[in-house]
Amino acid sequence: FRGIDDEDLLSIEKKLFAIKKENKSLQFDGNKIGSGGASFIANRLCENTWIRALDLNTNHIGLPGTNCLANTLAQYNSTLVCLDLSNNPIFSNSQGSQTCFETLLCKFSCLKILSISNTGVSDHTCCALNAHSSLGVSLFLL
C-alpha cells in the first residue's frame, strides 16, 4: 500500500483486512501513517492472526501509536514474528519509550525480529533493550 494515511486506513478497511490467509505480511512502508493508524492496525491484528510480518517503516508513528501496538499485540496476537518500526519519530519525546519496547520484547512472546533503527532511540534505552534481546528476539537498532 502506498500513499496512505490514518484516514485512508479507515476507508480501505474491508479490502485491507479481507486479505487471503496465504498473505503472511502487511507492508505499509513509506506512507503517512501516524499513531492513530498504528493503533487501528494493532486492533485489527487482534482479529487477523495469520499475519506474520508487519512493515511500518518510514511513516509518522510516534510513541502513542507504538505503545498501542506493543500493548495490543502483546495481549492479543500470537502469530506476528516480525515488526519493522524503523524510520519513525518514536523517540522524539523519549519519555516512556524504554517501557514500550520492553513490553514488546518481554510480553510479546512470538516476536522474533524487531527493527527500530533511525527512531531516535537513546543510548540508555538501546543498552536496556539489548539486555532483553537475549530472550530470542533479533533487535535491529542501527
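Scroll up for the structure.
Residues numbered from 1 in each chain as written. Predicted model: local features only at pLDDT ≥ 70, side-chain atom pairs only at ≥ 80, totals over all residues. Heavy atoms only, no water.

**Section: the overall build of the chain**
The cut-off we apply is this: In this text, helices come from DSSP runs of H or I with a minimum length of four residues, and strands from runs of E with a minimum of two, each type numbered from the N-terminal end. Only protein chains enter the calculation, and the probe is 1.4 Å; a residue is then buried if its accessible area is under 20% of its type maximum, exposed if over 50%, and partly exposed in between. Contact criterion: two residues are considered in contact whenever any of their non-hydrogen atoms come within 4.5 Å of each other.
Counting its secondary structure elements, the chain contains six helices and five strands. For the chain, the α and β elements follow one another from N to C terminus as α-α-β-α-β-α-β-α-β-α-β. Going through the 142 residues of the chain one by one, you find that 49% of them count as buried. Contacts in the chain between residues at least 24 apart in sequence constitute 83% of all its contacts with a sequence separation of at least 6.

**A word on the nonpolar core**
Filter applied, for reference: Throughout this description, the term nonpolar core refers to a set of buried Ala, Val, Leu, Ile, Met, Phe, Trp, Tyr and Cys residues connected via side-chain atoms within 4.5 Å.
By size, the foremost hydrophobic cluster in this structure holds 34 residues, and its most contacted members are Phe28, Ile41, Leu54, Leu56, Leu85, Phe101 and Leu114. Of all the secondary structure elements, the ones that give two or more residues to this core are α3 (35-45), α4 (63-76) and α5 (97-107).

**Points about the side chain of Asn88**
Note the cut-off: Each polar contact in these results corresponds to two N or O atoms within 3.5 Å; when the atoms are within protein, one needs to be able to donate a hydrogen and the other to accept it, and residues that are neighboring in sequence are counted only if both atoms are side-chain atoms.
Its place among the elements puts Asn88 in the loop between β3 (82-84) and α5. For Asn88, a relative accessible area of 2% puts it in the buried group. A distance of 2.9 Å separates the side chain of Asn88 from the backbone oxygen of Leu56, its partner in a polar contact. Once residues lying within four places of it in the same chain are set aside, the contact partners of Asn88 are Leu56, Asn57, Thr58, Asn59, His60, Ile61, Asn118 and Thr119.

**Details of α4**
The test is simple: The span expected for a helix works out to 1.5 Å for each residue beyond the first.
With 14 residues, α4 ought to run about 20 Å at 1.5 Å a step, and its terminal C-alpha atoms sit 20 Å apart, in line with that. Taken residue by residue, α4 has Leu63, Gly65, Thr66, Cys68, Leu69, Ala70, Thr72 and Leu73 as its buried positions.

**Digging into unusual backbone geometry**
The backbone of Thr58 sits at a positive phi, close to 60 degrees, despite the residue not being glycine. Relative to the helices and strands, Thr58 is located in the loop between β2 (53-55) and α4. Given a relative accessible area of 37%, Thr58 falls into the partly exposed group. Look at Asn118: it is not a glycine, yet its phi comes out positive at around 55 degrees.

**What about the packing of α3 against α4?**
The test is simple: The axes used here are C-alpha line fits, helices contributing only the stretch in contact, and every angle between their N-to-C directions lies in the interval 0 to 180 degrees. Note on terminology: angles under 35 degrees are roughly parallel, angles over 145 are roughly antiparallel, angles of 65 to 115 are roughly perpendicular, and the others are oblique. Each residue receives one of three labels: charged for Asp, Glu, Lys and Arg, nonpolar for Ala, Val, Leu, Ile, Met, Phe, Trp, Tyr, Cys and Pro, and polar for the others, Gly being one of them.
Between α3 and α4, the least distance of the axes is 7 Å, while the angle of their chain directions is 10 degrees. As summarised for this structure, α3 and α4 are arranged roughly parallel, according to the angle between their axes. Contact with α3, carried on its side by Ser35, Ala38, Ser39, Ala42, Asn43 and Leu45, involves Pro64, Gly65, Cys68, Leu69, Thr72 and Leu73 of α4 and no other residues of that element. Along the lines of polarity and charge, the residues of the contact of α3 with α4 split into seven nonpolar, five polar and no charged.

**Things to note about the side chain of Asn59**
Considering the arrangement of structural elements, one finds Asn59 in the loop between β2 and α4. Looking at Asn59, the relative accessible area reads 5%, which means it is buried. Reaching out from Asn59, the side chain makes a polar contact with the backbone oxygen of Phe28 at a distance of 2.9 Å. For Asn59, the contacting residues outside a window of four places in its chain are Phe28, Asp29, Gly30, Asn31, Lys32, Ile33, Asn87, Asn88 and Pro89.

**Describing the state of the cysteines**
As a reminder, the rule being used: Disulfide assignment relies on a single distance test, namely cysteine sulfur atoms paired within 2.5 Å.
Tallying each qualifying case throughout the model produces zero disulfides. Sulfur of Cys68: no disulfide; nearest cysteine sulfur belongs to Cys46 and is 8.3 Å away. For Cys68, a relative accessible area of 19% gives the class buried.

**A word on α3**
When you tally the buried positions in α3, you get nine out of eleven residues, the bulk of the element. Among all positions in α3, only Ser35, Gly37, Ala38, Ser39, Phe40, Ile41, Ala42, Arg44 and Leu45 are buried.

These results come straight from atomic positions and should not be treated as a statement about function.
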